Amino acid sequence: MNLTSRRESLKKFYLAPAFLFFKLGVHPNFITLLSLGSGIISALFFYFREPVFGSFFLLLCGIFDLSDGELARLSSKTSGFGAILDWCVDKVVDIFVLGCIGLSYSHDFVALGAICSSTIHSFLKPLSHSEISASLKERLESVGFFGRPETHILIILCGILEGFKLFSALEAGIFLVFLFSSLSLSQRIFYILRHS
């Protein structure tokens, strides 16, 4: 799927909130912190087995996460610190959300695998930039079929299904994150091997 490589075509979904924050004069880093807060709240709801609320706050987290970068560009407040803060918040949210789902709905090993594979999958981009070349990092955007956006969409859908008690959707969801992230990570590793 790789929604990250289609970010420009999906801009219409997050440009409106970014423009609203711009009109309100909100600093981009504050929106990044809102993303962190809503992500942690999402993780707690998942931990306490309130999956629909967990899904809602994870969706809210995603909206804030997409908006902060666009807001930084609109307000001419892009910065290296802001980019690093955004990346760190993304990883903290992912670890907490996947970890809390694993603790409440799945096996610890599967949750650890999902955390490791999804984190390393996204970490390969900045690592390839610093160790090999900036162009390789850009090319990696379109390599791998399952990244952070796909993880969040899958978790949100499974959380809603879990809320309706249809089946053990989040247990299946965390396993699929582990499986798909691992396969997508393998794609990126083999691409780096061939092009470095």
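Before reading on, note that the structure itself is shown above.
Just so we're clear, the structure is a prediction, and the values are computed from it rather than from any experiment.

Trainee: Can you tell me about helix 3 (residues 51-74), naming the residues and giving the values?
Mentor: For helix 3, built from 24 residues, the straight-helix expectation of 34 Å at 1.5 Å per residue is met to within 8% by its first-to-last C-alpha distance of 34 Å. At aspartate 68, helix 3 shows its maximal kink, close to 25 degrees. Just past helix 3, the residue serine 76 takes up positive phi, approximately 55 degrees.

Trainee: If you had to explain the side chain of serine 35 to someone new, which residues and values would you point to?
Mentor: As for its placement among the helices and strands, serine 35 is situated in helix 2 (residues 28-47). Given the relative accessible area of 1%, serine 35 is considered buried. In this structure, serine 35 is in contact with Cys61, Phe64, Asp65, Val89 and Val93, ignoring residues within four places of it in sequence.

Trainee: Give me the lowdown on the packing of helix 3 against helix 4 (residues 80-105), citing residues and values where you can.
Mentor: In contact at an axis separation of 12 Å, helix 3 and helix 4 are set at 170 degrees when each is read in the N-to-C sense. When the interaxial angle is binned, helix 3 and helix 4 end up roughly antiparallel. In contact with Pro51, Leu58, Cys61, Asp65 and Asp68 of helix 3, helix 4 contributes Asp86, Asp90, Val93, Val97 and Tyr105. Partitioned by chemical class, the residues of the contact of helix 3 with helix 4 number 6 nonpolar, no polar and 4 charged.

Trainee: Summarise the environment of leucine 58; cite the residues concerned and give the values.
Mentor: Residue placement: leucine 58 occurs in helix 3. With 73 residues separating them in the primary sequence, leucine 58 and glutamate 131 have C-alpha atoms 32 Å apart. Those residues in contact with leucine 58 that sit more than four places away from it in its chain are Ser42, Phe46, Val97, His152, Ile155 and Ile156.

Trainee: Summarise unusual backbone geometry; cite the residues concerned and give the values.
Mentor: The phi dihedral of arginine 49 falls on the positive side, at around 60 degrees, and the residue is not glycine. Locating arginine 49 in the fold gives a position in the loop between helix 2 and helix 3. For serine 76, which is not glycine, the phi torsion reads 55 degrees and is therefore positive. Counting through the fold element by element, serine 76 comes out in the loop between helix 3 and helix 4. Overall, the relative accessible area of 67% leaves serine 76 in the exposed class.

Trainee: Quick rundown of the state of the cysteines? Include the residues and the values.
Mentor: Counted by the stated rule, this structure contains 0 disulfides. Its sulfur unpaired, cysteine 61 is 13 Å from the next cysteine sulfur, which belongs to cysteine 100. For cysteine 61, a relative accessible area of 0% puts it in the buried group. Considering cysteine sulfurs only, cysteine 100 is the nearest to cysteine 158, which forms no disulfide, with 17 Å between them. For cysteine 158, a relative accessible area of 8% puts it in the buried group.

Rules used throughout
Residues numbered from 1 in each chain as written. Predicted model: local features only at pLDDT ≥ 70, side-chain atom pairs only at ≥ 80, totals over all residues. Heavy atoms only, no water. Helix = DSSP H or I, 4+ residues; strand = E, 2+ residues; numbered from the N terminus. Expected span 1.5 Å × (residues − 1). Bend = angle between axes of the 7 residues up to and from the residue. Buried < 20%, exposed > 50% of the residue type's maximum accessible area, 1.4 Å probe, protein only. Contact = heavy atoms within 4.5 Å. Axes fitted to C-alpha atoms, helices over the stretch in contact; angles between N-to-C directions. Parallel < 35°, antiparallel > 145°, perpendicular 65-115°, else oblique. Nonpolar A, V, L, I, M, F, W, Y, C, P; charged D, E, K, R; others polar. Disulfide = S-S within 2.5 Å.

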